[in-house]
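Per-entry structural report
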Amino acid sequence: MALNRDLTQGSIPKGLLAFALPLILGNLLQQLYNLADTWVVGQFLGEGALAAVGSSYTLMTFLTSILLGLCMGSSVFFAMQFGRKDPARFRAGIFQSFCLIGGLTVVLTGLVYLALGGILWFLRIPADVWDLTRTYLVWVFAGIPATFLYNYFANLLRAIGNSVTPLLFLGVSVVGNIGLDLLFVIPLKMGVMGAALATVLAQYAAGVGLALWTWQSCPDLLVRPEDRRWDRNILRQLWSLSFFTCLQQSVMNFGILLVQGLVNSFGSVVMAAFAVAVKIDTLAYMPVQDFGNAYATFVAQNYGAGQRGRIKAGTKWALFWVLVFCLLIGGLVCCFAPQLLAIFVGHDAQEVISVGTGYLRIEGSCYLGIGILFLLYGYFRAVDRPAVSLVLTVCSLGTRVALAYLLSASPAIGVTGIWAAIPIGWFFADTVGGILWRKDSKRSHP
């Protein structure tokens, strides 16, 4: 298929960029799901609803990270088999991973509904936004299966070098989400329930649509009767890659969830500022996260093909592009932080803008730390050492959470201590990862 890209051949910088750009655009569009909710809610429903949606965003990011991690781990397995030119093992992996992750998705969806009250208590949701947050979550949880479908098939296609098709489906879905947001919240006056429902409907459009397209347009990926079996060796490798990647993603976002609870203890103004600022922040550094995922696919295909020289050359190009982007986007975020925040909360919410500006300027000046960390995550997943990515996440998040609680307890530092703890965690993990990468690069890979 023309949309597929074999990253074991051809120009390395051109191949990396051509594969990464649709991936970056796709994830930027995906962030618009919640950004659309944030903008509409902030402009038309007020600070209380904004705080409710913001807290829900952090929780949904954590839940999504579980499924995303499982799908990303499977994607590494698929990319390795693509590089090795082993279609039978590839298809057997599709069958086993789909059954495994799909089953876990059903379990996860049931659990979050059963534990909804405990989740709200854990997040320390203030009484004045408790009902709004609960209403939003009840509806938005229904989109968890759609999140699985989209991420599974998007990662399957990306493993064979197709990063364009997931982008197209997501683009249509995001446009629909924004239109439904405006319809449900403004003329129909459905409140936060309408914002959640718009997101869920758009997620199903992307997930179901991409699944149907894959099975109709990619006959080589269709699972045959002989592929519907449980192979212990394949299952073991899939489980190792998926479990550790899932654990790494969920630990990373669970740490953020702990920070969210600490932020909530500072009141609704800080909650609202953090809700908006963290979305701008995530959107700003999302391209380097996606570039790290693209780099992981590049490394995995070449690891499967035994082309260690291309991996080394690709690593140098990846570092160069991450450096350029982080310096550029970090400077823009630092310069225009107040204006970016005002887009969501209006120019009159000066207290919210002031708090959010402090957050964005600290994070934006340190984006290189998170950019390098994403490359390290991608590299170790791709060379079948996902446990190392987990170790780096624990280093980063452990440092971040511990320092956030320690520094913010000082009245002289306050909430600024939470913001400063984040980049300190990034750079500490970079140091550990750099040492491990140098050791790993001297090993002889297959």
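See above for the structure.
Here's what I pulled together on the structure shown here. (Residues numbered from 1 in each chain as written. Predicted model: local features only at pLDDT ≥ 70, side-chain atom pairs only at ≥ 80, totals over all residues. Heavy atoms only, no water.)

**Comments concerning a nonpolar patch on the surface**
For the record, the criterion: Patches draw on residues past 30% relative accessible area with no salt bridge. Two like charges within 9 Å are joined, as are two nonpolar side chains (Val, Leu, Ile, Met, Phe, Trp, Tyr) within 5 Å. Computed with the Shrake-Rupley method and a 1.4 Å probe, the accessible areas treat only the protein chains shown as cover for residues. Between Lys or Arg on one side and Asp or Glu on the other, a salt bridge is scored when a side-chain nitrogen of the former is within 4 Å of a carboxyl oxygen of the latter. The numbering of helices and of strands both runs from the N terminus, where a helix is a DSSP run of H or I of at least 4 residues and a strand a run of E of at least 2. Relative accessible area decides the class of each residue, using a 1.4 Å probe on protein chains only: under 20% of the type maximum gives buried, over 50% gives exposed, and in between gives partly exposed.
Side chains of W39, F44, L45, I178, L182, I186 and I343 sit close together on the surface and give an oily, nonpolar patch of about 550 Å² of accessible area. Every element with two or more residues in the nonpolar patch is listed here: α1 (12-44) and α7 (164-185). Within the fold, L45 resides in the loop between α1 and α2 (47-84). By relative accessible area, L45 is classed as partly exposed at 32%.

**Overview of unusual backbone geometry**
What is expected of a backbone is that most residues other than glycine have negative phi and most peptide bonds are trans. With a phi close to 60°, K85 is a non-glycine residue in the positive phi region. The topology assignment puts K85 in the loop between α2 and α3 (87-114). The backbone of D384 sits at a positive phi, close to 65°, despite the residue not being glycine. Here D384 shows up in the loop between α13 (367-382) and α14 (386-408). Of the residues examined, D384 reaches a relative accessible area of 30% and is grouped as partly exposed.

**Focus: the layout of surface pockets**
To keep things clear, this is the line we draw: The method works on a 1 Å grid over the protein atoms by themselves. A cavity is a set of points holding a 1.4 Å probe that cannot get out, a pocket is an open set with protein on both sides within 12 Å along at least five of seven lines, and residues with an atom within 4 Å of a point line them. Grid points are joined across faces, edges and corners, and a volume is the space filled by probe spheres set on the points.
Space inside the largest pocket adds up to approximately 270 Å³. In this structure, the largest pocket is lined by 13 residues; those nearest its centre are F82, F90, I160, D220 and L221.

**Some thoughts on the packing of α13 against helix α15 (residues 416-441)**
Rule in force here: Axis lines are fitted through C-alpha atoms, for helices just across the contact stretch, and the angle between N-to-C directions can take any value from 0 to 180 degrees. Should the near helix be turned anticlockwise from the far one by less than a right angle, the crossing is termed left-handed; should it be turned clockwise, right-handed. Contact between two residues is taken to exist if any of their heavy atoms lie within 4.5 Å; hydrogens are not considered. Here the nonpolar group is Ala, Val, Leu, Ile, Met, Phe, Trp, Tyr, Cys and Pro; Asp, Glu, Lys and Arg are the charged ones; every other residue, Gly included, is treated as polar.
Direction vectors running N to C along α13 and α15 enclose 35°, while the axes themselves pass 9 Å from each other. For α13 against α15, the interelement crossing comes out left-handed. Contacts from Y367, L368, G369, I370, I372, L373, L376, Y379 and F380 in α13 reach W426, F427, A429, D430, G433, G434, L436, W437, D440 and S441 in α15. Looking at side-chain class alone, the contact of α13 with α15 contains 13 nonpolar, four polar and two charged residues.

**Overview of the packing of aromatic side chains**
Put simply, the rule is: Ring geometry is summarised as follows: Phe, Tyr and Trp rings, the Trp one being its six-membered ring, pair when their centres sit within 6.5 Å, and such pairs are stacked at plane angles under 30 degrees, edge-to-face over 60 and tilted between the two.
Taken as a whole, this structure holds 25 aromatic pairs when the rule is applied. An angle of 55° between the planes, with centres 5.6 Å apart, marks the rings of F95 and W230 as tilted. Of the two residues, F95 is situated in helix α3 and W230 in the loop between α8 (191-217) and α9 (232-264); the sequence distance between them amounts to 135 residues. Relative to F153, the ring of F98 lies with its centre 6.0 Å away and its plane at 55°, an arrangement referred to as tilted.

**Here's the deal with the side chain of S163**
To be explicit about the condition: Under the rule applied, a polar contact is a pair of N or O atoms within 3.5 Å (in protein, one hydrogen donor and one hydrogen acceptor; residues adjacent in sequence only if both atoms are side-chain atoms).
By the secondary structure assignment, S163 is in the loop between α6 (144-159) and α7. Within the structure, the side chain of S163 is placed 2.8 Å from the backbone oxygen of F19, a separation counted as a polar contact.

**Some remarks on the state of the cysteines**
For the record, the criterion: Working definition: a disulfide is two cysteine sulfur atoms within 2.5 Å of each other.
Applying the stated criterion to the full structure yields zero disulfides. Left unpaired, C395 is separated from the closest cysteine sulfur, that of C366, by 18 Å. When its relative accessible area of 17% is taken as the criterion, C395 is described as buried.

**Focus: the environment of A18**
For A18, the position within the fold is in helix α1. You can call A18 partly exposed: its relative accessible area is 30%. In this structure, the C-alpha to C-alpha distance between A18 and L156, residues 138 residues apart in sequence, is 18 Å. When sequence neighbours within four positions are dropped, the list of residues in contact with A18 reads R5 and S163.

**Quick notes on helix α12 (residues 350-364)**
To keep things clear, this is the line we draw: The length a helix should cover is 1.5 Å for every residue beyond the first.
Compared with the 21 Å implied by 1.5 Å per residue over 15 residues, the 20 Å span of α12 between its first and last C-alpha is a close match. Residues V352, I353, V355, G356, T357, Y359, L360, E363 and G364 constitute the buried set of α12. Where α12 is buried, its residues touch α2, α10 (268-305), α11 (308-345), α13 and α15.

**Focus: the pattern of salt bridges**
Throughout the structure, instances matching the rule amount to three salt bridges. One salt bridge connects D6 with K85, and the closest N-O pair in it is separated by 2.9 Å. Highlighted residues: D6 in the segment before α1 and K85 in the loop between α2 and α3, separated in sequence by 79 residues. A salt bridge links D231 to R229, with the shortest nitrogen-to-oxygen separation between them at 3.3 Å.

Honestly, it's all geometry; don't read function into it.
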